[in-house]
Amino acid sequence: MLLKAFFPTCCSSVDSGLLVGRWVPEQSSAVVLAVLHFPFIPAQVKELLVQVQRASRVGMAVLGTWCHSQQEPEEPLGHFLEGLGTIFPHDPWLQLCRERGSKSWSCKVSCQQAPAALGVPCEDQVMLIFYDQRKVLLSRLHPSAVLPDHQAGDAPASTRGLAAVFDTVARSKELFRSNQFNEGPVRLSHWQSEGVEASILVELAKWASGPVCLLLACLLSLVSAASTCRVFRLWPLSFIGSKLSTCEQLRHRLEHLTLVFSTQKAESPAQLMRKANMLVSVLLDVALGLSLLSWLHGKNRIGQLADALVPVADHVAKELQHLLQWLMGAPAGLKMNRALDQVLGRFFLYHIHLWISYIHLMSPFIECILWHVGLSACLGLTVALSILSDIIALLTFHIYCFYVYGARLYCLKIYGLSSLWRLFRGKKWNVLRQRVDSCSYDLDQLFIGTLLFTILLFLLPTTALYYLVFTLLRLLVVTVQGLIHLLVELINSLPLYSLGLRLCRPYRLAAGVKFCILEHEAGRPLRLLMQINPLPYTRVVHTYRLPSCGCHPKHSWGSLCRKLFFGELIYPWRQRGDKQD
Amino acid sequence: MCAQPVTDTKEAKWQKVLYERQPFPDNYVDRRFLEELRKNIYARKYQYWAVVFESSVVIQQLCSVCVFVVIWWYMDEGLLAPHWLFGTGLASSLIGYVLFDLIDRGEGRKKSGRTRWADLKSALVFITFTYGFSPVLKTLTESVSTDTIYAMSVFMLLGHLIFFDYGANAAIVSSTLSLNMAIFASVCLASRLPRSLHAFVMVTFAIQIFALWPMLQKKLKACTPRSYVGVTLLFAFSALGGLLSISAVGAILFALLLVSISCLCPFYLIRLQLFKENIHGPWDEAEIKEDLSRFLS
């Protein structure tokens, strides 16, 4: 049977001693965590092991001996080392040896309680695997996505073994806390952070973070209490609040901040990562917002913007008027019903006229409004972008109105035509059985139905053209808004902290490991170096994505096309309940 | 190889059953097989004049379409005043309404339970809706090409003739679809007329000739076959006369068509009956003769 011994690289040149670690019987692997130097009192060693075991809940044991000497171990030392096996009984007993100055390693494994019936000394083969203790301690293993044919918990054995190693190292943090240079009763050799003194700022920050969090949490709870005040639940305000993306964004950010500054400690590393991601995302957002603010409020850019906005809105209205006049003629040589065409065209022209007068009424106040709105950028770039999106929505309200009128008219015609077509064929829709049944109609029903069918059929192209043009305009506006929302979502949900970690400390997020062969000679144990495979960026984003607002309805392309064809309203109105014919 | 079964047949007689094991292959039949062959058991013998009488329904419907197209042509040319057509149509409708009740002395009305008030209401609905929509109808197809309209009307009238309920029991027959197609064609044609009054009169006339007239015909045919023949002949001659005033060639062709349908087709049908050779026997697929509808409910 092949025995795997995981050995920390930092211990490969320390003095001789005992190997302390954990034995994983399922994988037949020994995870060496530290080397315990001579001299020691066995009772104290055992006490230390029990302490560590209690703190970390990992089965600690003395796994064997470590011998690092000038020459081959002399006879008395060899006997002494073998004798230690009787003080710390462990099965199997490892004996690692390294000659000082040379690269030759040797490893012996002996089993005390070898079954006597077999009568053979248990000569296992040993594979030495070196690992960087610091990296393994800090890294978090992300098991590969479970294949669909594997049940949960049925992950491949190798993955489980690796997870056990990572888990052992991570949980025995308690062991690493003891300082190498301390003059304690027991001297241990293992990895330890260098420069604890340099991180005094971190310590200060840690110390200060508690009260700051408490204060901010109080403030945030005040704000959220104010936002759930009854005034905001009244009909017009709640309706406006649910439709404006600014309100959605503010609510979302408030949730983030509440979570980040909650006084509860993060329970799992994933939650900690999530908090850090949120904090970084909020900080970046505010930084970007502040830079935008300083750019906007310098050199009277707000005034320029306000001066440009009204002519642009005017221009859009003029272009729309031209479009309508074109539609009222014979657009693209299409055969439209002249009377209906004129009626629709005049109706829409009047609407544009109303809109222009509204814009002109507004124009003196626009600069003032923009200046105040610009201040909101200090809440973050995302808030400013959401406000921009809302302003676009307000300024293109006439396009939205046209779209709604066109869609309603078109929808009416489509549904009318489909049910009249059934009447035309002498069928009807049976609601109870959800199918088309044949039906005998009265003479007058048939006559009126067919009359209406003919009229609707000949008027359909005109309505459809108006609907098509206004839907295209509306889609353009929705696309612009969608792009802004996409940007906001990106800032909201991108796990920036995780990405930075992946960039600067690739070992912190491990996808798996790879092994390099250090030495492979006959008669000597196989020596491998375990290196950590960093997680790919796509999986980092996928794993640590922050939940998005979820305030925008999601359409598949198919359902969008279907809705467009049947003239049902797309964004921002939610889908009504299932349509009953 | 064949010797074995032959010797067996003398001992074991073959039976036409599958539930007993027999020393024959599954597809074995003996000589009695063709004894059950029957020929033409469902063939019917037709009387020539009876078939001619039945074909008059087709003639009537062809003539109706012809009369409708002729009247539309007169209207389109401005040779026929809409008032006159409206008056005539109204008068003939009233006469037909009275006749409809007189023929069977009100028995059909009692059976259907339809009141005169409902009739009046229907008539009012027809008139009101047609009159209200006639300006819309007038401008409905302004921008559509005349040829398109003609093609659409021809297709719709052909469909009307195809799907009309001539009394045959076939899946294709749908009186609803046929009537709807006729109304569609009449609306298309009416939208080509010069004024909205014309359109109104035209659609009203279409209702009378495509919806009301076949109802009266059916009752006439059922109750007084002799007068029905007379009416058919009169109607056919008037349609021919109308067509003759427009185009002589069309009238001749239409006359040929009518003659071939009413005289040649029945003759041909009876001749072809002689060549009929349907065979029936035990190989026919099973036919369920009992009425199973009581199990369905």
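Chain B appears in an unreviewed UniProt entry as Phosphatidylinositol N-acetylglucosaminyltransferase subunit C from Galeopterus variegatus. UniProt, in its Pathway (unreviewed entry) section for chain B, records the words "Glycolipid biosynthesis; glycosylphosphatidylinositol-anchor biosynthesis."

The name recorded for chain A in an unreviewed UniProt entry is Phosphatidylinositol N-acetylglucosaminyltransferase subunit Q, from Galeopterus variegatus.

Draft legend 1. Spotlight on the overall build of chain B. A tally of helices and strands in chain B yields 11 helices and 2 strands. The order of helices and strands in chain B, counted from the N terminus, is α-β-α-α-α-α-α-α-α-α-α-β-α. In terms of overall size, chain B is more extended than a compact globule, its C-alpha atoms giving a radius of gyration of 28 Å where 297 residues would be expected to give roughly 19 Å. Expressed as lengths along the three principal axes of its C-alpha atoms, the size of chain B is roughly 95 × 50 × 45 Å. Counting only residues that meet the buried cut, chain B has 36% of its 297 residues in that class. Considering only contacts within chain B whose residues lie at least 6 apart along the sequence, 73% involve residues at least 24 apart. Approximately 19100 Å² of chain B is accessible, and the part contributed by carbon and sulfur atoms is 66%. Counting 28 positive and 23 negative side-chain charges, chain B places the centres of these two groups 7 Å from one another.

Draft legend 2. Up close: the UniProt feature "transmembrane region" (unreviewed entry) in chain B. All names here are of chain B. Following the UniProt record, one finds the feature "transmembrane region" (unreviewed entry) at residues 48-75, 81-100, 120-137, 149-168, 175-193, 199-216, 228-246 and 252-270. Helix makes up 100% of residues 48-75 and strand 0%, whereas the separation of the span's terminal C-alpha atoms amounts to 40 Å. With 84% helix and 0% strand, residues 175-193 has end C-alpha atoms that lie 27 Å from one another.

Draft legend 3. Inspection of the pattern of salt bridges at higher detail. All names here are of chain B. Taken as a whole and assessed by the stated rule, the structure comprises 9 salt bridges over all chains. The shortest N-O distance in the salt bridge between lysine 39 and glutamate 277 comes to 2.8 Å. With lysine 39 in strand β1 (residues 38-39) and glutamate 277 in the loop between α10 (248-273) and β2 (279-280), this residue pair connects regions lying 238 residues apart in the sequence. Since its relative accessible area comes to 54%, glutamate 277 is described here as exposed.

Draft legend 4. Summary view of helix α10 (residues 301-328) of chain A. All names here are of chain A. With 28 residues, α10 ought to run about 40 Å at 1.5 Å a step, and its terminal C-alpha atoms sit 41 Å apart, in line with that. Looking at α10, one finds that the buried residues are Ile302, Gly303, Ala306, Val310, Ala313, Asp314, Ala317, Leu320, Leu324, Leu327 and Met328. The inward-facing, buried residues of α10 abut α9 (269-297), α11 (338-362), α12 (366-375), α14 (397-424) and α15 (443-493).

Draft legend 5. Layout of the state of the cysteines. Tallied over the entire structure, the rule returns 0 disulfides over all chains. In this structure cysteine 561 of chain A is not part of a disulfide, and its nearest cysteine sulfur, from cysteine 411 of chain A, lies 16 Å away.

Draft legend 6. Summary view of unusual backbone geometry. Here the phi dihedral of glutamine 434 of chain A falls at roughly 55°; this positive angle occurs in a residue that is not glycine. Position of glutamine 434 of chain A relative to the elements: it lies in the loop between β10 (427-430) and β11 (435-438). One non-glycine residue, asparagine 40 of chain B, lies in the positive phi region at around 50°.

Draft legend 7. Local environment of the packing of helix α8 (residues 196-223) of chain B against helix α9 (residues 225-246) of chain B. Residue and element names in this part refer to chain B. Put simply, α8 and α9 touch, their axes get as near as 6 Å, and they point 140° apart. Here α8 lies oblique to α9, going by the angle between them. Of α9, the residues touching α8 (which contributes Ile209, Trp213, Gln217, Leu220, Lys221 and Cys223) are Pro225, Ser227, Tyr228, Val231 and Phe235. Of the residues that constitute the contact of α8 with α9, the class distribution is 8 nonpolar, 2 polar and 1 charged.

Draft legend 8. Local environment of the packing of aromatic side chains. This structure, assessed with the given rule, holds 33 aromatic pairs over all chains. Their ring planes at 85° and their centres at 5.8 Å tell us that tryptophan 72 of chain B and tyrosine 150 of chain B sit as a pair that is edge-to-face. A residue pair is termed long-range when its members are at least 10 positions apart, and tryptophan 72 of chain B in helix α2 (residues 48-77) and tyrosine 150 of chain B in helix α6 (residues 146-163) qualify at 78 residues. We classify tryptophan 72 of chain B as buried; its relative accessible area is 7%. Accessibility expressed as a relative area gives 33% for tyrosine 150 of chain B, which makes it partly exposed. An aromatic cluster is present here, built from Phe347, Phe348, Phe402, Tyr405, Tyr466 and Phe470 of chain A joined pairwise through their rings. The ring centre of tyrosine 537 of chain A lies 4.5 Å from the NZ or CZ of arginine 502 of chain A, which sits over that ring. Looking at lysine 219 of chain B, its charged tip hangs above the ring of phenylalanine 100 of chain B, at a distance of 3.8 Å from the centre.

Draft legend 9. Summary view of the confidence of the model for chain B. All names here are of chain B. Mean pLDDT over chain B stands at 86; residues scoring 70 or higher make up 95%. When mean pLDDT is compared element by element in chain B, α6 scores highest at 93, while helix α1 (residues 3-11) scores lowest at 49. Contacts from residues 1-9, a stretch scored under 50 in pLDDT, to residues over four places away or in other chains number 3 contacts. Prediction confidence for the complex, expressed as pTM and ipTM, is 0.72 and 0.82 respectively.

Draft legend 10. Main features of the interface of chain B and chain A. Taken together, the 31 residues of chain B in the interface contact 22 residues of chain A. Of the roughly 2300 Å² buried at the junction of chain B and chain A (both faces included), carbon and sulfur atoms supply 78%. If you sort the residues of chain B by the area they bury against chain A, Leu140, Asn180 and Phe184 of chain B come out on top, with a joint share of 24%. Inspection of the region where chain B meets chain A yields 1 salt bridge. Joining chain B to chain A, the criterion identifies 6 residue pairs in polar contact (both at pLDDT 80 or more). Among the elements of the structure, α5 (116-140), α6, α7 (175-190) and α8 of chain B are those that each provide at least two residues to the side of chain B that touches chain A. Per-element accounting of the side of chain B that touches chain A gives the leading share, 10 residues, to α5 of chain B. A per-class count over the side of chain B that touches chain A returns 22 nonpolar, 8 polar and 1 charged.

Rules behind the numbers
- Residues numbered from 1 in each chain as written.
- Chains lettered and ligands numbered in written order.
- Predicted model: local features only at pLDDT ≥ 70, side-chain atom pairs only at ≥ 80, totals over all residues.
- Heavy atoms only, no water.
- UniProt positions renumbered as here; feature names shortened; annotations may be inferred.
- Helix = DSSP H or I, 4+ residues; strand = E, 2+ residues; numbered from the N terminus.
- Rg over C-alpha atoms; globule rule 2.2 N^0.38 Å.
- Buried < 20%, exposed > 50% of the residue type's maximum accessible area, 1.4 Å probe, protein only.
- Contact = heavy atoms within 4.5 Å.
- Areas by Shrake-Rupley, 256 points an atom, 1.4 Å probe, with all protein chains shown as cover.
- Lys, Arg positive; Asp, Glu negative; His and termini not counted.
- Charge placed at Lys NZ, Arg CZ, Asp CG, Glu CD.
- Salt bridge = Lys/Arg side-chain N within 4 Å of Asp/Glu carboxyl O.
- Expected span 1.5 Å × (residues − 1).
- Disulfide = S-S within 2.5 Å.
- Axes fitted to C-alpha atoms, helices over the stretch in contact; angles between N-to-C directions.
- Parallel < 35°, antiparallel > 145°, perpendicular 65-115°, else oblique.
- Nonpolar A, V, L, I, M, F, W, Y, C, P; charged D, E, K, R; others polar.
- Phe/Tyr/Trp six-rings, centres within 6.5 Å; stacked < 30°, edge-to-face > 60°.
- Lys NZ or Arg CZ within 6 Å of the ring centre and 35° of its normal.
- pLDDT = per-residue confidence, 0-100.
- Buried area = accessible area lost by both parts, 1.4 Å probe.
- Polar contact = N/O pair within 3.5 Å; in protein donor to acceptor, adjacent residues only side chain to side chain.

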